[in-house]
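Close look at the chain arrangement
What follows is each chain in one-letter form.
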Amino acid sequence: MGFFEKIFGKKDVVEVTSEIPEKIEIDFSETAAWFESEISGFLAKVDTEAQRFVRQMTTISEKLNENLDMLERAESDDEIGHRMRNFAYDNKASFVNKVRAFNAKIIFSDAKDTLGFYDFFSMVANDINRLTGETARNIHLAKMLFAEDVKEITSGLNDMADVAQESLKVLIEYKDKSDMVTEIRDMLQEIESVSEMHENEKRSLVQKRKSIETLHGEKKKADKILKGLETGEEASRSKQILEQKEVLDTDISKIRSDIFHAFSPLAKVLKKYERFSTGLTQDDEKILAIYIESPVKAIVLDKGFKTLSRIIENTEMLIDSGKIDLKDKQKQKVLSRLDKLKDTSVLGREVTEYNRLHGQLINIETMLDSMDVNKEIETARQKLKDIEDEIGSVGQDVSRIEKERDVTNKSVSLKITELETVLSKMLDKDVSVRAV
């Protein structure tokens, strides 16, 4: 035991317990009304204090208007120089206009909201201070003839400044809490806005998902219709005809390839020959141009290959004479090919076969065009594709909205946490807000 404890005895230890704040749990939808109820007493107290100053300032403002009217109408018979007299009257008018504009700007209805009182009186104090500097010269010159009237107005402005300064000293006590009220109101409004967006996203998501269900039902029907068309008797017949068309297309392509191969070594030589067109009629020249452009078309048009025979004969003559100049290897290759083409029996058979196959192809294409099932199948396929595309598009919308809702959820949760902190601090309670 210590020395002082022996003399005075052992001191009892007093435990200090902090008061546990009241716990409040509330739905967000009820928070705004509850908060306004909680702060109503505070707002009323500030309003009572502020209205006392508003009444004082209103009285001063009304008196100021009366004095301005008197100064505006005031006349003077004092003997001063003409120039100075004009200065006095001009500055009187300027002074009246400036003060009247200031006084008209003091609209007390703007200060009805308790939270605006401090800023309102602060504005008045600052405006009076600025007005004092702006009117110093006007006051000085107007006083030469209207000293008493000007003094009444400057006294009124000084009284108004005193009231504003006094109000600021009193209301500063409530400033921090008033700012917090504004902050909480803003937070509530912001959360309300985000929550409304969240609800809109929810409704949109429900609608989009219903649309997908409907579209899947439409897709099922469209797919059934398409399969029914594709497996029907007419479709089977159409398929057989299409297979025949493919065979014809292949055979025709082979003939085209053979003819092109036969004439391809002569392409450049025929272009050179075209410059001369030796021994050709006007019709022959047209067919020559077609031989150069499309040998298949040319052999069909060149009946009996009469033009081709003249082309071959004249081309050989121009090569032999040197008018168509070719290198040795190229010359031999060209002459050899021209010699082979003199026997037109092969070309004749190919033309006959080409015409036969082409005629069959036209007949088959006509049959296919006349078959309604092909158009119906194409229409059904397009409809199915459109539905699938729309399902994909709506699905993308669903994914986008779900991501946006996740972001909105996190935003609401974060903002409510911030709101709980500020509410608890201001009201000295443990406030929990349920997002609903």
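Below, the structure is looked at part by part. Each residue is numbered by its place in its chain's sequence as written, counting from 1. A pLDDT threshold of at least 70 governs which residues receive local features in this predicted model, and a stricter bar of 80 or more applies before side-chain atom pairs are shown or counted, although totals over entire chains, interfaces and linings include all residues. Side-chain calculation: all heavy atoms of the structure are included, whereas hydrogens and water are not.

A closer look at the overall build of the chain
Looking only at helices and strands, the chain features twelve helices and two strands. Reading the chain from its N end, one meets helices and strands in the order α-β-α-α-α-α-α-α-α-α-α-α-α-β. The principal-axis extents of the C-alpha atoms in the chain amount to approximately 135 × 90 × 60 Å. Exposure is judged per residue with a 1.4 Å probe applied to protein chains only, and the accessible area is read against the type maximum: over 50% gives exposed, under 20% gives buried, and values in between give partly exposed. Burial analysis of the chain (436 residues in total) assigns 37% to the buried set. Across the chain, the fraction of contacts at a sequence separation of at least 24, relative to all contacts at a separation of at least 6, is 82%. A distance of 8 Å separates the average location of the 70 positive side-chain charges in the chain from that of its 85 negative side-chain charges. Each helix is a run of H or I in the DSSP string that is no shorter than four residues. Each strand is a run of E no shorter than two, and both are numbered from the N terminus. Contact definition: two residues touch when any of their heavy atoms are within 4.5 Å. Positive charges come from Lys and Arg alone, negative charges from Asp and Glu alone, with His and the N- and C-terminal ends not counted. Every charge is mapped to an atom, namely NZ of Lys, CZ of Arg, CG of Asp or CD of Glu.

Points about the packing of helix H6 (residues 267-276) against helix H9 (residues 306-320)
For helices, the axis comes from a line fit to the C-alpha atoms of the stretch in contact; other axes are also lines fit to C-alpha atoms, and the angle between any two N-to-C directions lies between 0 and 180 degrees. As a packed pair, H6 and H9 sit with axes 10 Å apart at the nearest point and diverge in direction by 90°. With respect to H9, the axis of H6 lies roughly perpendicular. Where H6 approaches H9, its residues Val 269, Leu 270, Tyr 273 and Phe 276 are matched on the opposing element by Arg 310, Ile 311, Asn 314, Thr 315, Leu 318 and Ile 319. Its residues assigned to classes, the contact of H6 with H9 shows seven nonpolar, two polar and one charged. Roughly parallel covers angles under 35 degrees, roughly antiparallel covers those over 145, roughly perpendicular covers 65 to 115, and oblique covers all other angles. All residues other than Ala, Val, Leu, Ile, Met, Phe, Trp, Tyr, Cys, Pro, Asp, Glu, Lys and Arg, Gly among them, are scored as polar; the first ten of these are nonpolar and the last four charged.

Observations concerning the packing of helix H5 (residues 233-263) against helix H12 (residues 372-427)
In the contact formed by H5 and H12, the axes pass within 9 Å of each other and the chain directions differ by 100°. Judged on the interaxial angle alone, H12 and H5 are roughly perpendicular. Every residue of H12 that contacts H5 at Glu 234, Ala 235 and Ser 238 is listed here: Asp 372, Val 373, Asn 374 and Ile 377. Among the residues forming the contact of H5 with H12, the class breakdown is three nonpolar, two polar and two charged.

As for H6
Of the residues making up H6, those classed as buried are Val 269, Leu 270 and Tyr 273. Along the axis of H6, the buried positions cluster into a sector of 95°, meaning they face one direction only. Away from the buried face of H6 by more than 90 degrees, exposed residues Lys 268 and Arg 275 are located. Contacts made by the buried residues of H6 are with helix H7 (282-293), H9 and helix H10 (328-341). By definition, the arc is the one covered by directions from the helix axis to the C-beta atoms.

What about a nonpolar patch on the surface?
Where nonpolar side chains cluster on the molecular surface, the patch consists of Ile 80, Met 84 and Met 144 and spans about 200 Å² of accessible area. By secondary structure assignment, the location of Ile 80 is in the loop between helix H2 (28-73) and helix H3 (82-105). Given a relative accessible area of 31%, Ile 80 falls into the partly exposed group. Like charges within 9 Å and nonpolar side chains (Val, Leu, Ile, Met, Phe, Trp, Tyr) within 5 Å are joined into patches, using only residues over 30% in relative accessible area that form no salt bridge. The Shrake-Rupley method, run with a 1.4 Å probe sphere, supplies the accessible areas, and residue values consider only the shown protein chains as cover. Any Lys or Arg side-chain nitrogen found within 4 Å of a carboxyl oxygen on Asp or Glu counts as a salt bridge.

Topic: the pattern of salt bridges
Opposite charge on two side chains permits them to pair, given that their charged atoms come into close proximity. Counted by the stated rule, this structure contains 28 salt bridges. Taking the shortest distance from any N to any O, the salt bridge between Lys 385 and Asp 389 comes out at 2.9 Å. With a gap of four residues between them, Lys 385 and Asp 389 both fall in helix H12, about one helical turn apart. Judged by relative accessible area, Lys 385 falls into the partly exposed class, the value being 44%. Asp 389 gets classed as partly exposed once you look at its relative accessible area, which sits at 41%. When salt bridges with common partners are traced through the structure, they connect Lys 208, Asp 397, Arg 400 and Glu 404 into a single cluster.

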